[in-house]
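Residues per chain, in single letters:
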Amino acid sequence: MLTDRHRTQLIRQKLVLVFWSGTSNRTEPSRYSSALMSFSRITGFLYFLGRREFDMRGLINYQMCCCANSLLQTLNASWELADMLEKWKPVVGLRAEDNVPFQLKRVLKVMQEDLPHPAPHQDFLLCLDRNRIRLSVQHDADEVFFSILDFIQRQMDDRTLALEIQSLYKISVETQVQCLQCSSVQTQSSHLLGLPLHIQEERNSLKNCLISFFEPQELRGIDCCFCAQCETKTPTKQGVKLCSLPQILCIQLKRFRNVRGFTRKLNCRVTFPETFDFSELQREAFSSDFTQNGCRYTLYAVVVHHGEAMFGHYTAYVRHRMTNRWFYADDSCVSQSSWENVQKTEGDHYRGTAYMLMYRKDPKEENQQPDLSG
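Residues numbered from 1 in each chain as written. Predicted model: local features only at pLDDT ≥ 70, side-chain atom pairs only at ≥ 80, totals over all residues. Heavy atoms only, no water.

### What to know about the overall build of the protein chain
Now for step 1: In terms of helices and strands, the protein chain carries 10 helices and 18 strands.
Now for step 2: Taken over 374 residues, the protein chain has a buried fraction of 48%.
Now for step 3: Once local pairs closer than 6 in sequence are excluded, the contacts in the protein chain between residues at least 24 apart make up 69%. (Helix = DSSP H or I, 4+ residues; strand = E, 2+ residues; numbered from the N terminus. Buried < 20%, exposed > 50% of the residue type's maximum accessible area, 1.4 Å probe, protein only. Contact = heavy atoms within 4.5 Å.)

### Some remarks on the nonpolar core
Now for step 1: By size, the foremost hydrophobic cluster in this structure holds 59 residues, and its most contacted members are Leu81, Leu104, Phe124, Phe145 and Tyr169.
Now for step 2: Residues within four places of phenylalanine 145 in sequence aside, it is in contact with Leu71, Leu75, Tyr169, Cys250, Met356 and Met358.
Now for step 3: Within the second largest apolar cluster, 38 residues are counted, among which are Val173, Leu253, Trp326 and Ala354. (Core = buried A, V, L, I, M, F, W, Y, C linked by side-chain atoms within 4.5 Å.)

### Looking at the packing of aromatic side chains
Now for step 1: Counting across every chain of the model gives 11 aromatic pairs.
Now for step 2: Taking 5.8 Å as the distance between ring centres and 75° as the angle between the ring planes, the aromatic pair formed by phenylalanine 145 and tyrosine 169 counts as edge-to-face. Of the two residues, phenylalanine 145 is situated in helix 7 (residues 141-155) and tyrosine 169 in helix 8 (residues 159-169); the sequence distance between them amounts to 24 residues.
Now for step 3: We note arginine 360 situated over the ring of tyrosine 300; from NZ or CZ to the ring centre the distance is 4.1 Å. (Phe/Tyr/Trp six-rings, centres within 6.5 Å; stacked < 30°, edge-to-face > 60°. Lys NZ or Arg CZ within 6 Å of the ring centre and 35° of its normal.)

### Thoughts on helix 8
Now for step 1: Listed in full, the buried residues belonging to helix 8 are Leu161, Ala162, Ile165, Gln166, Leu168 and Tyr169. Summarising the axial view, the buried residues of helix 8 lie within an arc of 145°, below the 170-degree limit, and thus occupy one face. (Arc of directions from axis to C-beta.)

### Overview of the side chain of serine 279
Now for step 1: Take serine 279: it is sitting in the loop between strand 13 (275-277) and strand 14 (296-307).
Now for step 2: Looking at serine 279, the relative accessible area reads 12%, which means it is buried.

### Some details on the pairing of strand 2 (residues 185-192)
Now for step 1: Pairing of strand 1 (residues 171-179) with strand 2, which is carried by 8 bridges, proceeds in the antiparallel orientation. What sits directly across from threonine 175, in strand 2, is glutamine 188. (Pairing = 2+ DSSP bridges.)

### Things to note about the environment of methionine 56
Now for step 1: Here methionine 56 is to be found in the loop between helix 2 (32-46) and helix 3 (66-77).
Now for step 2: A residue is classified by how much of its surface remains accessible, and methionine 56, at 10% relative accessible area, is buried.
Now for step 3: Taking the C-alpha atoms as reference points, methionine 56 and leucine 115, 59 residues apart in sequence, are found 7.9 Å from one another.
Now for step 4: With residues near it in sequence (within four places) discarded, methionine 56 still touches Gln73, Val318, His320, Phe327 and Val334.

### Re the sheet that holds strand 8 (residues 236-244)
Adjacent strands of a sheet pair through backbone hydrogen bonds, lying either parallel or antiparallel.
Now for step 1: Taken together, the 4 strands give an open sheet; going across it, the order is 2-1-8-5, and neighbouring strands pair in antiparallel fashion. Looking along the sheet, the strands with just one partner apiece sit at the ends: strand 2 and strand 5 (217-219). Neighbouring strand axes in the sheet, compared pairwise and without regard to direction, differ in orientation by 30° on average. (Axes fitted to C-alpha atoms, helices over the stretch in contact; angles between N-to-C directions.)

### Observations concerning the environment of phenylalanine 272
Now for step 1: Of note, phenylalanine 272 is situated in the loop between strand 12 (270-271) and strand 13.
Now for step 2: Residue classification places phenylalanine 272 among the buried positions, given a relative accessible area of 3%.
Now for step 3: Along the backbone, phenylalanine 272 and alanine 354 are 82 residues apart, and their C-alpha atoms lie at a distance of 9.5 Å.
Now for step 4: Those residues in contact with phenylalanine 272 that lie beyond four places of it in its chain are Leu206, Leu299, Val302, Trp339, Val342, Thr345, Glu346, Ala354, Leu357 and Tyr359.

### A short note on unusual backbone geometry
Now for step 1: Even without being glycine, glutamine 63 reaches a positive phi, approximately 50°.
Now for step 2: Structurally, glutamine 63 is set in the loop between helix 2 and helix 3.
Now for step 3: For aspartate 331, which is not glycine, the phi dihedral falls at a positive 55°.
Now for step 4: Note on placement: aspartate 331 falls in the loop between strand 16 (326-330) and strand 17 (333-336).
Now for step 5: With a relative accessible area of 12%, aspartate 331 lands in the buried category.

### Points about the pattern of salt bridges
Now for step 1: Tallied over the full model, the rule gives 16 salt bridges.
Now for step 2: The residue aspartate 83 makes a salt bridge to arginine 321 at a minimum N-O spacing of 3.5 Å. Highlighted residues: aspartate 83 in helix 4 (residues 79-87) and arginine 321 in the loop between strand 15 (312-319) and strand 16, separated in sequence by 238 residues.
Now for step 3: A relative accessible area of 32% places aspartate 83 in the partly exposed class.
Now for step 4: Overlapping salt bridges bring together Arg95, Glu97, Asp98 and Arg130 as one network. (Salt bridge = Lys/Arg side-chain N within 4 Å of Asp/Glu carboxyl O.)

### Considerations on the packing of helix 5 (residues 100-111) against helix 7
In helix packing, the relevant descriptors are the interaxial angle and the interaxial distance, both defined with respect to the helix axes.
Now for step 1: Close contact between helix 5 and helix 7 brings their axes to 8 Å; oriented N to C, the two are set at 115°. Here Val100, Pro101 and Leu104 of helix 5 come into contact with helix 7, specifically with Ile148, Phe151, Ile152 and Gln155.
Now for step 2: Residues of the contact of helix 5 with helix 7, tallied by class, amount to 6 nonpolar, 1 polar and no charged. (Nonpolar A, V, L, I, M, F, W, Y, C, P; charged D, E, K, R; others polar.)

### Side note on the state of the cysteines
Now for step 1: Applying the stated criterion across every chain yields a total of 0 disulfides.
Now for step 2: Cysteine 67 takes part in no disulfide bond, and the closest cysteine sulfur, belonging to cysteine 66, lies 6.6 Å away.
Now for step 3: With a relative accessible area of 6%, cysteine 67 lands in the buried category.
Now for step 4: With no disulfide of its own, cysteine 209 has cysteine 268 as its nearest cysteine by sulfur position, at a separation of 8.5 Å. (Disulfide = S-S within 2.5 Å.)

Listed below in structure tokens is the structure:
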């Protein structure tokens, strides 16, 4: 027997299909606004279809925007970012309609309002479209995520605050290249905004993927590097070492492979813990200058990909800031969930698979010295 909640969801789905069946997917960007505004009127009616059950707001799926919706839920759960954006006072004359950080600030604010109906975010989507992240196009979640961070750096007029936001995600690393002929070592400092982890076509664990990421690799043949001391290309050993860890750690599980010109998705299992301590990695993963306090992280958001490489759907699991409970966000439908349900995204051909993991540094660890004896 259908419950009231299931009836409500079916009515919502039918309303969406009826609306979009009369809207061409080839609508020009300049005409998106009227289409989105018409669709937004439906949300007012949806409010009356059932009583309020949740304290997180959903997001309507406009023109294949499930990728942006899932990332917005993740960014909303990154309350440090919203708090920093709230401090930003844009200069007079800013072209708000084209400014991604300005529109992001606005949409995160309305998402935090304690209201039962979906949060309006059409302006944010249209802003992305004007910045070449097009509506009605399937996108890669990690590419859109890093594009948003890049827009924050390029479009915020407060450079100090923009750099503070970057530092939330900034992973300082040291790349070491050792010549295998003369043993000379070249080092270069840089930073990442996330850790892209290669996964095997079999069972994986987050810890093993991290160990593999920091494990030195030998480069030979066409991959040889130029050695200034030998004055020629030589076989080398290249590795990455951690110099500092960020407040928010973004991990991308590289599930897509390009094989002979075709992209396919790996649905293999990648187990990941709810809490993770970086000090459990081998000492070789850290640079000699690493003295940072606090290496323990807690998972607070997971971006999930359903389907195959060339077509699919994004959803997200996020922790609520106040209650610390898990919620599942599938566009406008938001429901309370559990850690057990989050774990089901570790990998299965018949389920959505975790694609991006967002960890937050545990504040209780800040005053403890790291133990890197592992």
